[in-house]
Every structure is written in C-alpha cells, then in structure tokens.
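Residue strings, one per chain:
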Amino acid sequence: MKRKETRKIKVGNIFLGGDAPISVQSMTNTDTRDVAATINQIKDLEKAGCDIIRCAVPDLRAAEAIKDIVKGISIPLVADIHFDYNLALESMKNGVSALRINPGNIGSKERVKIVANYAKDRGIPIRIGVNSGSLEKDILNKYGSPTSEALCESALRHVEILNECDFNDIVISIKSSNVNKMIESYRLVSSKCNYPLHLGVTEAGTIWRGTIKSSIGIGTLLSEGIGDTIRVSLTGDPTDEVKVGKEILKATGNLKEGIEFISCPTCGRTQINLIKIAKEVEDKLADVNKNIKVAVMGCVVNGPGEAKEADIGIAGGNGEGLIFKKGIIVKKVKEENLVQELLKEIENM
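What counts, and where the lines are drawn
- Residues numbered from 1 in each chain as written.
- Predicted model: local features only at pLDDT ≥ 70, side-chain atom pairs only at ≥ 80, totals over all residues.
- Heavy atoms only, no water.
- UniProt positions renumbered as here; feature names shortened; annotations may be inferred.
- Helix = DSSP H or I, 4+ residues; strand = E, 2+ residues; numbered from the N terminus.
- Buried < 20%, exposed > 50% of the residue type's maximum accessible area, 1.4 Å probe, protein only.
- Lys, Arg positive; Asp, Glu negative; His and termini not counted.
- Salt bridge = Lys/Arg side-chain N within 4 Å of Asp/Glu carboxyl O.
- Contact = heavy atoms within 4.5 Å.
- Arc of directions from axis to C-beta.
- 1 Å grid on protein atoms, 1.4 Å probe; cavity = no way out; pocket = protein on both sides within 12 Å on 5 of 7 lines; lining within 4 Å.
- Points joined across faces, edges and corners; volume = space filled by probe spheres on them.
- Nonpolar A, V, L, I, M, F, W, Y, C, P; charged D, E, K, R; others polar.
- Domains from an automatic or database assignment.
- Pairing = 2+ DSSP bridges.
- Axes fitted to C-alpha atoms, helices over the stretch in contact; angles between N-to-C directions.
- Polar contact = N/O pair within 3.5 Å; in protein donor to acceptor, adjacent residues only side chain to side chain.

Looking at an unreviewed UniProt entry, one finds the protein named 4-hydroxy-3-methylbut-2-en-1-yl diphosphate synthase (flavodoxin), with Clostridium cadaveris as its source organism. Quoted verbatim from the Sequence similarities (unreviewed entry) field of the UniProt record, the comment on the protein reads "Belongs to the IspG family." Quoted verbatim from the Pathway (unreviewed entry) field of the UniProt record, the comment on the protein reads "Isoprenoid biosynthesis; isopentenyl diphosphate biosynthesis via DXP pathway; isopentenyl diphosphate from 1-deoxy-D-xylulose 5-phosphate: step 5/6."

A.B. asks: Whenever I open this one, the side chain of arginine 127 confuses me. Can you help?
C.D. replies: For arginine 127, the position within the fold is in strand β7 (residues 126-131). At 5.2 Å, aspartate 80 is the nearest oppositely charged side chain to arginine 127, a buried residue that forms no salt bridge. With near-sequence residues (within four places) excluded, arginine 127 lies in contact with Arg54, Leu99, Arg100, Ile101, Val171, Ser173, Lys175 and His198.

A.B. asks: Where do I start with the environment of glutamate 282 in this structure?
C.D. replies: Note on placement: glutamate 282 falls in helix α10 (residues 274-284). Through-space distance from the C-alpha of glutamate 282 to that of isoleucine 262 is 9.2 Å; in sequence the pair is 20 residues apart.

A.B. asks: Just checking my understanding: could you explain α10 for this structure?
C.D. replies: Residues lying three or four places apart along an α-helix face the same way, a consequence of the helix completing one turn every 3.6 residues. Among all positions of α10, only Leu274, Ile277, Ala278 and Val281 are buried. Along α10, the residues classed as buried sweep out an arc of 100° about the axis, all on the same side. Exposed residues pointing more than 90 degrees away from the buried face of α10 are listed as Ile275 and Lys276. Of the surrounding secondary structure, the elements contacted by the buried residues of α10 are β11 (260-263), β12 (293-297), β13 (312-316) and α12 (338-347).

A.B. asks: What should I look at first to understand the layout of surface pockets in this one?
C.D. replies: A probe matching the size of a water molecule, rolled over the atoms, marks out where space remains unfilled. Empty space within the largest pocket amounts to approximately 970 Å³. Lys243, Glu247, Lys250, Leu285 and Ala286 are, among the 26 residues lining the largest pocket, the residues nearest its centre. At the level of secondary structure, the elements contributing two or more residues to the lining of the largest pocket comprise α1 (35-48), α9 (238-251), β11 and α10. With eight residues, the top contributor of residues to the lining of the largest pocket is α9. Of the residues in the lining of the largest pocket, the class split is 10 nonpolar, four polar and 12 charged. Shared between two domains, the lining of the largest pocket takes at least three residues from each, and those domains are domain 1 (9-252) and domain 2 (259-348).

A.B. asks: What is the right way to read the domain arrangement of the protein from this model?
C.D. replies: Reports often express the size of an interface as the amount of accessible area lost when the parts come together. According to the domain assignment, the protein consists of domain 1 (9-252) and domain 2 (259-348). In this structure, domain 1 and domain 2 have C-alpha centres spaced 39 Å apart.

A.B. asks: Explanation requested: the sheet that holds strand β6 (residues 98-101) in the structure shown.
C.D. replies: As a general point, the strands of a sheet are linked pairwise by backbone hydrogen bonds and lie either parallel or antiparallel. One open sheet accounts for eight strands, arranged β8-β7-β6-β5-β4-β3-β10-β9; its pairing is parallel. Each edge of the sheet is formed by a strand with only one pairing partner; in this case those strands are β8 (170-175) and β9 (198-199). Where strand β5 (residues 77-80) meets β6, three bridges bridge the pair, whose relative direction is parallel. Residue pairing across strands places valine 78 opposite alanine 98, the latter belonging to β6. Taken strand by strand, helix α7 (residues 179-192) contacts β8 and β9, and its axis lies near 150° from that of β8.

A.B. asks: It is not clear to me how empty space enclosed by the protein should be interpreted in this structure. Could you clarify?
C.D. replies: Tallied over the entire structure, the rule returns two cavities of 30 Å³ or more. Size it by volume and the largest cavity reaches roughly 80 Å³. Lining the largest cavity are 13 residues, and of these Leu16, Gln25, Val78, Arg127 and Val171 lie nearest its centre. Sorting the residues of the lining of the largest cavity by element identifies β6 and β7 as the ones contributing at least two each. Looking at the lining of the largest cavity residue by residue, the classes come out as nine nonpolar, three polar and one charged. The computed volume of the second largest cavity comes to approximately 30 Å³. Every residue along the wall of the second largest cavity is listed here: Arg3, Lys4, Thr6, Ser190, Leu197, Gly225, Ile226, Gly227 and Asp228. Of the residues contributing to the lining of the second largest cavity, the split by class is two nonpolar, four polar and three charged.

A.B. asks: Please clarify how the environment of lysine 325 should be interpreted in this entry.
C.D. replies: For lysine 325, the location among the structural elements is in strand β14 (residues 320-325). With a relative accessible area of 30%, lysine 325 lands in the partly exposed category. Residues lysine 325 and isoleucine 314 lie 11 residues apart in sequence; the distance between their C-alpha atoms is 8.8 Å. Residues in contact with lysine 325, not counting those within four places in the same chain, are Ala310, Asp311, Ile312, Val330 and Glu345. Here glutamate 345 takes part through its side chain, which lies 3.1 Å from a polar atom of the side chain of lysine 325.

A.B. asks: Where do I start with unusual backbone geometry in this structure?
C.D. replies: The phi torsion of most residues other than glycine is negative, and most of the peptide bonds are trans. Positioned with a positive phi, aspartate 166 is a non-glycine residue whose angle comes to about 60°. Structurally, the position occupied by aspartate 166 is in the loop between α6 (148-164) and β8. In this structure aspartate 166 comes out as partly exposed when scored by relative accessible area, which is 47%. Located in the positive-phi region is lysine 326, a residue other than glycine, with phi close to 50°. When you line up the elements, lysine 326 lands in the loop between β14 and β15 (328-334).

Given below as structure tokens:
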C-alpha cells in the first residue's frame, strides 16, 4: 500500500514525513550526565545504522551534558523531557535537534508557549509522546481505561495546545505495550491528522518477545502505509533495537539497501549442517552493505528453484553444495568450502 504523505519536518539533518525515507531511532540507556559513556554508545548506534537518537534529560546536569554530547556525535539528538519546562529550554540552548515532551505535563499553557516559541525560533520540532500508562485523569475517567480512542484524544489534545501557540513542527507517537491497541491507536490518529507518526510498541520486552511484538505492531502499520519513523523498544543493548528496526523496514519493502538474507528451515532432505552454515553466512555478511538478496538453502533438488529470486545463494547436498545465481547453478563446491566460496562470489558482485 502507498505510504500516507504527511507533513514534512526536519530533525537536525534528517527529514521526517512527506517523501522522506522512514528513519530508525533508538534511545540511550546510559546516564546522560556521563558524557563519555553516552557518546560511545551513540557512536555504536550510528555504526548499527541509527538515524536519530534520544537521551533522557532528568535534571539540569543532564541538560548541560547535552552540549558536549552533540559535539561528539553525527546524528540528531532528541531530548526526552518530563515535567520541568526549564530542562526543555536548557536542552535547546545546548544543541538538541528535537524535543520529546507531553505538553500537558510540563506546567501551565504559558510555560508550554515559552517552550514552543523557543523551539519555533530555532527550527526545533517537538514530538508529542503519549503513553497508555500516563494518560490524563479526565480522559481515563471518560473512557474507563487507556483505549485506542483515549490515546488518540490525548495526543490530539496535546497537538491543540501546540497549535494554539502557532507551532506546527510536530511528530506524534502513541505507544502501548498492547500490540492490537497500539495498531488501532495509530490507525485512528492517522485518520484524524497529517502530522508525521513515530511508531513503536512500548515496553515490548526482551529481544525475543520484543522483536516479535514490535515486528507485528510496526510491520502491520508500515504495510498499511502508516508511519514515518520507528523505534523498536527492547530490554537490552540499544544496537539490537536498530538492527531489528532495519530488518522490519526491509521486510516491509521500505528499505532497499544492505543484504537481505533468507534461509530455509531445513527438513528431512537436508544433508549438511545448514543451521551452522546459515548462521556463519549471516554473521559474515553483517557489515556488508550491498543491495542484494542472499539465500542459504538445504536441498540441492529444490533449493535453487525455491530461491530463484535471490541474487546469489547456496544449496546443500551430501557433503557438497551448489552455488547459484538467480536460480541458475554456477558451480559445485565441497561442504567445507561453501561459505568461503559464497563470500568470494558476493565480494565480486
């Protein structure tokens, strides 16, 4: 499905919405006040392909640390602010590319207006982050629970606050740990406004469960043409969030760069150690940035035909295997040399 064209805004050197590519975000889990540790983690995330990074700013020391952090990184930094509008002002003074706030929890409308005016003068967008665990009491009372309608109403209320301040460089996120609720919330808000949407399943869990939940939630919406930037929330190393996010974009056809890796699940016809070979190939190709599809198949009888859309691949036999391109067999190789020969062929492509 064609992606919905939303309002285009700029976060540092990255565009969101409009015809801009869907970006992958993550959030540091270091203490922001520890400048060296935070910069090192962000650099690791940059290498993994992170486009935009967010840091928690819980106090003034963290806001002051932003000044040195932005000097040491190459991607836009978003300050995550709650309750104290002064932290938003200090973070903007110190060079952040965007804010993540809930306008309703940083004080009076006058304070929100001060933040919005400061951001507008400096071209700094604001992401409204609504979470099912922190809805306003009157909205919870109205709906009885954090329903998708409640989440949408909360987000649009915050949008209205910023609009009243003549501020329109807005990104919206509506996150829930419930996948179905998350999907319905984004569908609803997408139908009611044209601001870029930041997709994510919050508190998704560990890498295994979190990857599954995020893939379903984010992947469903992207397949429907909804979403302009994503963050996969995982309990663990943030670089895994970026890797999973990139794979979700590839799987939904929203990212064409880099290796697309496919492999068969094995069956009774498999006569080589396909699981070991597949893992080795995947690991060896982790840092290869070629726009090709690579297949690792277990059966020489059906493998090349089943993976004929792959640019290159291997299919195992009894102690040997075939290397094929676009389903056409190009050479036969001993099992122990399969991975090495495949990598040589890929290097020459």
